[in-house]
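# Residue-level structure breakdown
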Amino acid sequence: MLDTRRHDFSSLSIRDLLEAREAYHVHLAHLSQVYATAIGKYLIRKGDENSSDPRHRTDPAELGPRTLDNCDVRDWSWPCVLVFVRHWFTPKEIQANPALATELVPSFLYLPDGRVVPTCVVQVDPDVRPETSPATPDFKSDLVGGGFPIRSSAQGRTHVGSIGCLVTDGESVFALTNRHVAGSPGQVIYAGFKNQARRLGVSDPRQLGKVPFEEAYPGWTAHRSVSNLDAGLIRLDDVAGWTAQVYGIGEIGDVVDLNVDTFRLDLIDCPLVAFGAVSGMMKGRILGLFYRYKSVGGTDYVTDLVIAPRDGETALNNYPGDSGTIWFEDEASALTNANGARKLRPVALEWGGQVLLAPGSRAATQLALGICLSTICRTLDVEVIPDWNVGHTEYWGEWGHVKIGSYATSLIEPELSLAASIQANADVIGVDDAVLKTLPPHQNGTFSPLADVADLVWRFGRPSDESNHFADMDKPGKDGRTLLELCADPANVDPGVWNAYYDGIGEDKKRGALPFRVWQIAEAMIGYAENNRALEFVCAAGIVAHYVGDACQPLHISQYHHGRDPTDKTHSKVHSIYETTMVAKHGAALLEMIPNAGAADVPPIEPGGKPSGHAIAVAVVALMQRTVDRLPPLTIVEAFDDHMGAGQTEELWNELKDKTAACMQDGAKTLARIWEAAWRAGGSPDFGRVAFAEDDLAALYSRKSFLPSYTLDQLTTDADHHIVPIDGAIANGQVAFRPRHGTA
């Protein structure tokens with residue numbers, strides 16, 4: 001006997017589901033408990049077994065509400081319209097109040113031509129608690145790409161979002177993000193670098209907002225729906241410091257082309273991955289398509305994809321500030337480049353999110369809302385750029401400081417007890433090579449490797465420290481002599497001599513003080529050793545690694561830090577391209593080269609006596625001299641200028657890699673000698689092999705009074721030739737100087 005009540009739902013298409021939802025728009029919109037709808041596949045309770053009959057039901061009284069926590073998509077799930085409701089009516093409630101039956105979501109939606117579409121009802125509780133967001137991490141790189149944070153200001157408020165990827169209209173290059181992040185046309189867009197804002201470009205007039213659904217997807221009908229395409233373009237000032245790679249993801253493959261002919265329900269449960277500027281790595285899955293997140297004035301507001309956590313154990317970790325992030329297919333078999341970075345296909349641009357709760361639960365389920373990238377590209381008439389300045393690892397950045405700090409821990413003379421103390425803390429001073437290759441950006445409030453504290457922690461709260469990272473020692477003074485020439489006489493490694501030099505050339509603000517910062521920290525280390533304060537000694541030893549790392553970087557020792565003409569925006573990028581872009585792209589190779597670079601051994605500092613802070617500063621100046629002799633700054637500038645355009649980074653690497661590695665090896669060897677000298681001057685205490693906790697070290701370096709920072713014109717020497725601040729000098733602009741010999 002023919003049973004007309006049975007239906008094979010597996011044959012239903014996206015068009016069928018959309019038309020059914022459209023036909024029942026008025027009915028569903030009038031049900032007060034309906035929160036949102038989407039199309040997708042039936043969510044099966046985790047305890048249910050496979051059934052060939054999609055109408056199979058266990059007693060509802062035994063099941064309770066279906067929620068995002070207790071159900072998922074199975075291989076045998078069938079097409080349906082997902083209906084998210086605020087309340088799940090139980091049989092007892094309906095028996096007690098039959099009028100509630102009018103509020104029930106129908107199990108099936110019947111169309112006039114005989115098609116039948118099932119509904120899948122899921123109870124959610126919109127989370128109305130104030131949403132908190134972690135602080136934006138510090139991206140310690142001058143190289144910009146997808147996944148980086150951007151900021152704009154309007155009406156006294158700062159808007160934070162993520163860069164999606166690079167696109168082009170064939171003439172200009174743009175960064176793609178959301179319209180609500182980019183702001184009004186002409187709005188200036190900034191990004192944070194080392195706690196400093198840098199202009200990236202301006203918001204372009206071409207933007208997308210809400211458009212009729214039929215315009216976004218010609219051929220499908222949804223007369224009462226509008227698609228939220230929320231996309232904006234940032235017209236870049238300069239593409240030289242950009243890469244088409246997405247931070248944490250890798251290179252970009254072909255855009256997944258989703259349109260009325262290629263959309264399919266197989267997309268449901270597809271694993272996706274993204275890297276948000278605030279949240280970092282996010283892993284999710286497609287829960288539903290064409291999610292109706294709001295209905296106002298008879299109009300449904302629809303977004304293409306709703307992305308849910310991949311499983312019940314892993315939260316999506318999607319927060320405000322991730323708007324503009326690109327979501328990619330997460331394929332285990334994805335190709336990788338020579339540095340191990342993946343090449344994934346982009347699917348969608350995130351524009352927002354929602355937070356839902358399971359009934360009775362305070363554990364929130366975060367959802368990300370996305371727009372098909374292919375739709376955005378078609379509507380804006382742009383193409384994704386896949387191949388500009390690529391070939392980096394998935395996580396690029398400035399590796400030099402932590403590498404020098406980490407490598408130096410193995411260079412202390414092994415017969416010294418100091419070796420055991422320092423090596424026990426190698427992982428907090430620097431970063432192991434294996435970890436360094438996949439090191440994400442520093443999250444504010446988390447532990448910073450000691451060798452990067454000066455950049456990641458102190459740059460923001462200690463403006464006086466900025467001048468401690470460089471010294472233009474090749475710039476002729478009033479008498480024609482450079483600081484390098486003056487300091488051939490060790491007596492001229494003196495703040496008074498340097499201040500007189502800067503007075504002579506009329507320099508008031510940019511007075512480099514790098515050797516004197518090392519001198520100051522070295523004297524503190526001597527005091528810590530004298531008082532057997534191992535925690536403070538190790539913390540200071542790790543932090544001084546940063547400044548010694550700057551001393552072996554040629555462009556930190558030169559007036560040509562930004563090229564021959566700092567006002568030339570194109571040629572002034574030499575520092576960021578050489579020190580960041582080149583190193584980021586070839587960092588893995590550089591890590592292998594540094595230990596075998598062949599720099600000469602560095603002798604102990606004052607081996608026959610008690611080393612002084614001044615002697616250590618003289619050793620730093622000697623390192624700076626060797627650095628510019630080995631790799632003259634103008635050699636870098638000329639190589640940069642000679643190879644403008646495509647392939648510039650590769651040409652720089654081929655010409656400069658060996659000497660760059662030798663400079664870094666020399667820096668690590670000098671750093672080890674500085675540690676030994678400060679330890680010997682403090683009485684060679686046996687600190688033991690104690691590995692200090694990150695929390696204890698962070699609490700120490702977070703104190704404003706620990707190793708306070710001064711500008712050069714605030715420093716002098718006392719009768720015993722110790723470096724001290726002048727009377728009335730205020731450290732960090734906030735607290736007074738503390739005496740030497742280890743006082744924290």
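Since we're looking at a predicted model, the values are computed, not measured.

## Quick word on the overall build of the chain
Along its length, the chain carries 22 helices and 30 strands. Relative to all contacts within the chain whose residues are 6 or more apart in sequence, the contacts with residues 24 or more apart total 75%. Counting only carbon and sulfur atoms, one obtains 50% of the accessible surface of the chain, whose full area is about 29,500 Å². Charged side chains of the chain number 66 positive and 95 negative; the gap between the two group centres comes to 4 Å.

## A few points about the packing of aromatic side chains
The way to describe two aromatic rings as a pair is by their centre distance and the angle between their planes. The full count for this structure, using the stated rule, is 22 aromatic pairs. Geometrically, the ring pair formed by Tyr293 and Tyr301 is tilted, given 6.5 Å between the ring centres and 55 degrees between the ring planes. Taking relative accessible area as the criterion, Tyr301 reaches 18% and is therefore assigned buried. Following the ring pairs from residue to residue traces out a cluster consisting of Phe213, Tyr217, Trp220, Phe263 and Phe290. Positioned above the aromatic ring of Tyr301, the side-chain terminus of Lys294 is 4.6 Å from the ring centre. Arg462 extends its terminal NZ or CZ atom over the ring of Trp458, reaching a point 3.8 Å from the ring centre.

## Here's the deal with the packing of helix H17 (residues 534–551) against helix H21 (residues 648–681)
When two helices pack together, their arrangement is given by the angle between the helix axes and by the axis-to-axis distance. For the pair H17 and H21, interaxial distance at closest approach is 10 Å and the crossing angle is 145 degrees. With respect to the hand of their crossing, H17 and H21 are arranged in right-handed fashion. The segment H17 lies against H21, with Phe537, Ala541, Val544, Ala545 and Val548 engaging Gly667, Leu671, Ile674, Trp675, Ala678 and Trp679. Among the residues making up the contact of H17 with H21, the classes are represented as 10 nonpolar, 1 polar and no charged.

## Things to note about the environment of Arg151
Among the structural elements, Arg151 can be located in strand E9 (residues 149–154). Its relative accessible area of 30% is what places Arg151 among the partly exposed residues. With 47 residues separating them along the chain, Arg151 and Arg198 place their C-alpha atoms 9.8 Å apart.

## Thoughts on the pattern of salt bridges
Inspection of every chain in the model, using the stated rule, returns 29 salt bridges. Among the salt bridges present, the one from Asp204 reaches Arg235, with a minimum N-O distance of 3.2 Å. With a gap of 31 residues between them, Asp204 in strand E14 (residues 196–212) and Arg235 in strand E15 (residues 225–236) connect regions that are remote in the sequence. The class for Asp204 is buried, based on a relative accessible area of 5%. Between Glu466 and Lys510 there is a salt bridge whose closest N-O contact spans 3.3 Å. Of the two residues, Glu466 is situated in the loop between helix H13 (458–461) and helix H14 (483–486) and Lys510 in the loop between helix H15 (495–505) and helix H16 (514–530); the sequence distance between them amounts to 44 residues.

## Quick look at the pairing of strand E19 (residues 280–296)
Of all 17 residues making up E19, 12 are buried, and the element is well covered by its neighbours. Judged from the 2 bridges that link them, strand E1 (residues 34–41) and E19 form a sheet pairing that is antiparallel. Within the sheet, the bridge partner assigned to Thr37 lies in E19 and is Arg292. Sheet topology places strand E18 (residues 271–276) next to E19; 6 bridges connect them, and they run antiparallel. Residue pairing in the sheet places Gly276 in a bridge with Gly280 of E19. Hairpin connection of E18 to E19: 3 residues between the antiparallel strands. Bridge count between E19 and strand E20 (residues 299–309): 10 bridges; the pairing is antiparallel.

## What about the nonpolar core?
Grouped together as the largest cluster of nonpolar side chains are 124 residues, with contacts concentrated most on Phe84, Leu176, Phe263, Leu289 and Phe290. With 7 residues, E19 is the largest single contributor of residues to this core. In this structure Leu289 touches Ile14, Ala38, Ile39, Phe263, Arg264, Leu265, Ile268, Asp304 and Leu305, once residues within four positions along its chain are discounted. Counting residues in each nonpolar core, the second largest holds 108 residues, with Ile404, Ile526, Phe640 and Leu656 among its members.

## Some remarks on unusual backbone geometry
At Asn389, a position not held by glycine, the phi torsion is positive, near 55 degrees. Along the chain, the position of Asn389 falls in the loop between strand E26 (383–384) and helix H8 (400–408). Note on Asn389: relative accessible area 14%, which makes it buried. If you check the backbone angles, Asn532 has positive phi at about 55 degrees while not being a glycine. Within the element layout of this structure, Asn532 appears in the loop between H16 and H17.

## A look at the packing of H16 against H17
Axis separation between H16 and H17 bottoms out at 9 Å; the angle between their running directions is 165 degrees. Regarding the angle of H16 to H17, the classification is roughly antiparallel. The handedness of the crossing between H16 and H17 comes out as left-handed. Across the interface between the two elements, Leu514, Arg517, Val518, Ile521, Met525, Tyr528 and Ala529 from H16 touch Glu536, Phe537, Ala540, Ala541, Ile543, Val544, Tyr547, Val548, Asp550 and Ala551 from H17. Taken together, the residues of the contact of H16 with H17 sort by class into 14 nonpolar, no polar and 3 charged.

## Concerning the side chain of Ser203
Position of Ser203 relative to the elements: it lies in strand E14. A polar side-chain atom of Ser203 sits 3.1 Å from the main-chain carbonyl oxygen of Gly183. Residue contacts for Ser203: discarding those within four places in its chain leaves Ala182, Gly183, Ser184, Pro185, Gly186, Gln187, Ile189 and Leu233.

## Regarding the environment of Phe470
Within the fold, Phe470 resides in the loop between H13 and H14. Phe470 gets classed as buried once you look at its relative accessible area, which sits at 16%. Along the chain, Phe470 and Gly156 lie 314 residues apart, while their C-alpha atoms are 35 Å from each other. With residues near it in sequence (within four places) discarded, Phe470 still touches Lys510, Arg511, Gly512, Ala513, Leu514 and His556.

## Considering the confidence of the model for the chain
Mean pLDDT over the chain: 88, with 93% of residues reaching 70 or higher. Considering only residues more than four positions removed or in separate chains, one finds that residues 734–744, a stretch of pLDDT under 50, has 34 contacts.

## Section: the pairing of strand E4 (residues 79–85)
Burial within E4 is extensive, with 7 of its 7 residues counted as buried. By the alternation rule, side chains of E4 split into Pro79, Val81, Val83 and Val85 and Cys80, Leu82 and Phe84, which are all buried. Strand direction decides the pairing type here: E1 and E4, joined by 7 bridges, are antiparallel. Residue pairing across strands places Ile39 opposite Val81, the latter belonging to E4. For E4 and strand E6 (residues 116–123), the ladder comprises 5 bridges, and the chain directions are parallel. By the bridge assignment for E6, Val83 is matched with Val121.

Cut-offs used in this document
Residues numbered from 1 in each chain as written. Predicted model: local features only at pLDDT ≥ 70, side-chain atom pairs only at ≥ 80, totals over all residues. Heavy atoms only, no water. Helix = DSSP H or I, 4+ residues; strand = E, 2+ residues; numbered from the N terminus. Contact = heavy atoms within 4.5 Å. Areas by Shrake-Rupley, 256 points an atom, 1.4 Å probe, with all protein chains shown as cover. Lys, Arg positive; Asp, Glu negative; His and termini not counted. Charge placed at Lys NZ, Arg CZ, Asp CG, Glu CD. Phe/Tyr/Trp six-rings, centres within 6.5 Å; stacked < 30°, edge-to-face > 60°. Buried < 20%, exposed > 50% of the residue type's maximum accessible area, 1.4 Å probe, protein only. Lys NZ or Arg CZ within 6 Å of the ring centre and 35° of its normal. Axes fitted to C-alpha atoms, helices over the stretch in contact; angles between N-to-C directions. Left-handed = near helix turned anticlockwise from the far one by under 90°. Nonpolar A, V, L, I, M, F, W, Y, C, P; charged D, E, K, R; others polar. Salt bridge = Lys/Arg side-chain N within 4 Å of Asp/Glu carboxyl O. Pairing = 2+ DSSP bridges. Core = buried A, V, L, I, M, F, W, Y, C linked by side-chain atoms within 4.5 Å. Parallel < 35°, antiparallel > 145°, perpendicular 65-115°, else oblique. Polar contact = N/O pair within 3.5 Å; in protein donor to acceptor, adjacent residues only side chain to side chain. pLDDT = per-residue confidence, 0-100.

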